[in-house]
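# Structural overview for review
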Amino acid sequence: MIRSSSYSRYRSTATPTATGSVGRARATAYHTGPAASPTVAVSFETNRFYQPGLLDAPDPWLWEALASGAVRAKSFSLAGVDTSRAAELEVFLQGASESGQPIDHHLTVSVNGVLVGEARFAAKQPYRLSASLPPSLLREGVNELSLANVADTGVTSMVFLDRFAVSHSQVASLASGSFEGLWSESGTATLPAPVAPVALLDLTPAGPSGAVPDALRWLGGYEAAGGWLRFRAEAGHRYLAVTESGLAPLRVAAPFPSTLRSAQSQADYILIAPRAFLAAAEPLVPLPEPATLFLLGFGVAAVTLASRSRKGFRLI
Ligand SMILES: [Ca+2]
């Protein structure tokens, strides 16, 4: 699955979960006008190819290669799209060839079969393409982004797709148990809420850098009655509302015995990672020497010993 993989910039905001204290519902009089629809930004990225030669690239881990004449399509899924409003698309490209000419690369970008933008740039440089998507172009559910390297620059072109992001108006609803959104205008935010929320949080980072991680605030001054949630939304702030069904279930588990201090736990390599990464770690152990990999994993099966020899990789 592409959405929200192991990258940190420009995260998906879909389907958050929350735990914590209970907010107090109380009637509040609102004298401001309604706020515009909330918007969400969803980022899509897969880090498939590592390009060590692109030393100045913002990210040397890239998704898809487009040589001259190549066409690549990526499906992506959206939920809760307000199709009556325009949306924004950002495509992050990375040039990988250089001829010395003013223009090396010419790419077209289409969404659901409609041309939405073009990029012309040179050399082994990053390029960010921004495009406005008209109303009704995005669909609820599966959509498709298509890139084409037009090959009309007179030189050989190689371009990588790094990632792309879609910002769209969101149909606000607490029907699934939680809703997270950013309101671009101040006013009264109104969400259909079949049941009263148990928590309303302002997730907006504080401080000029916008990077204060512990800045979320629990909000109590909201109105939850008659199947609706209303609260004062400030422009540019991101809010998370959660009902009982949106809370992560509690999980109780007995501690498992650890062999970390055992003298028998000896290995040539130590890797700290989820156990599911074990197979991916196998190539890290060099052959021909038989070696033992000591994997400190997260989760229930926390410690795993594995050895690699000419006969293959096996758990101990
Ligand atoms: Ca990347």
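Please read these numbers as outputs of a predicted model, since none were measured by experiment. (Residues numbered from 1 in each chain as written. Predicted model: local features only at pLDDT ≥ 70, side-chain atom pairs only at ≥ 80, totals over all residues.)

## Here's the deal with the overall build of the protein chain
- Counting secondary structure elements, the protein chain contains one helix and 22 strands.
- Counting over 316 residues, the protein chain shows a buried share of 25%.
- Nonlocal contacts in the protein chain, meaning residues at least 24 apart in sequence, comprise 72% of its contacts between residues at least 6 apart. (Helix = DSSP H or I, 4+ residues; strand = E, 2+ residues; numbered from the N terminus. Buried ≥ 20, exposed ≤ 12 C-beta atoms within 10 Å, placed from the backbone. Contact = placed C-beta atoms within 7 Å.)

## Concerning the sheet that holds strand 17 (residues 228–233)
- Taken together, the three strands give an open sheet; going across it, the order is 13-17-16, and neighbouring strands pair in antiparallel fashion. The open sheet terminates on both sides in strands that have one partner only, identified here as strand 13 (187–192) and strand 16 (223–225). Pairwise comparison of adjacent strand axes, ignoring direction, gives a mean angle of 15 degrees for this sheet.
- As paired elements, strand 16 and strand 17 share three bridges and run antiparallel to each other. Paired with Glu223 across the strands is Arg230, a residue of strand 17. (Pairing = 2+ DSSP bridges. Axes fitted to C-alpha atoms, helices over the stretch in contact; angles between N-to-C directions.)

## Overview of the nonpolar core
- Formed by 30 residues in total, the largest nonpolar core has its most connected members in Leu89, Val91, Leu93, Leu107, Phe160, Leu161 and Phe164.
- Of all the elements in the fold, those that place two or more residues in this core are strand 1 (38–45), strand 6 (87–95), strand 7 (105–111), strand 8 (114–121), strand 9 (126–133), strand 10 (141–149) and strand 11 (158–169).
- Per element, the largest residue contribution to this core is six residues, and it comes from strand 11.
- When neighbours within four sequence positions are excluded, Phe160 is seen to be in contact with Gln51, Leu62, Trp63, Glu64, Ala65, Leu93, Gln94 and Ala96. (Core = buried A, V, L, I, M, F, W, Y, C linked by C-beta atoms within 7 Å.)

## Observations concerning the sheet that holds strand 10
- Read from one edge of the open sheet, four strands run 5-10-7-8, paired in antiparallel fashion. Looking at which strands have only one partner, the edges of the open sheet turn out to be strand 5 (71–78) and strand 8. Taking the axes of each pair of neighbouring strands and ignoring which way they run, one obtains an average angle of 20 degrees across the sheet.
- Relative to strand 10, strand 7 runs antiparallel, the two sharing five bridges. Paired with Ser110 across the two strands is Ser146, which belongs to strand 10.

## A closer look at unusual backbone geometry
- Phi at Ser136 is positive, roughly 75 degrees, even though this residue is not glycine.
- Residue Ser136 is classed as exposed on the basis of its 12 C-beta neighbours within 10 Å.
- Not every positive phi belongs to a glycine, and Ala151 is a case in point at roughly 60 degrees.
- Assignment of secondary structure puts Ala151 in the loop between strand 10 and strand 11.

## Details of the pairing of strand 12 (residues 178–183)
- The buried fraction of strand 12 amounts to five of the six residues, a majority that puts the element mostly inside the structure.
- Two elements, strand 1 and strand 12, share two bridges in a ladder whose sense is antiparallel. Paired with Pro38 across the bridge in strand 12 is Trp183.
- Bridge analysis of strand 12 against strand 18 (residues 237–242) gives six bridges, and the strand direction is antiparallel. Paired with Glu180 across the two strands is Leu240, which belongs to strand 18.

## Quick notes on the confidence of the model for the protein chain
- On average, residues of the protein chain score 77 in pLDDT, and 70% of them reach the 70 mark or higher.
- Ignoring residues within four places in sequence, the model shows residues 298–302, a span with pLDDT below 50, making nine contacts including any to other chains. (pLDDT = per-residue confidence, 0-100.)

## Digging into the environment of Val198
- Along the chain, Val198 falls in the loop between strand 13 and strand 14 (199–202).
- In this structure Val198 comes out as buried when scored by C-beta crowding, with 20 C-beta atoms within 10 Å.
- Remark: the alpha-carbon pair of Val198 and Ser245, spanning 47 residues in sequence, is separated by 9.6 Å.

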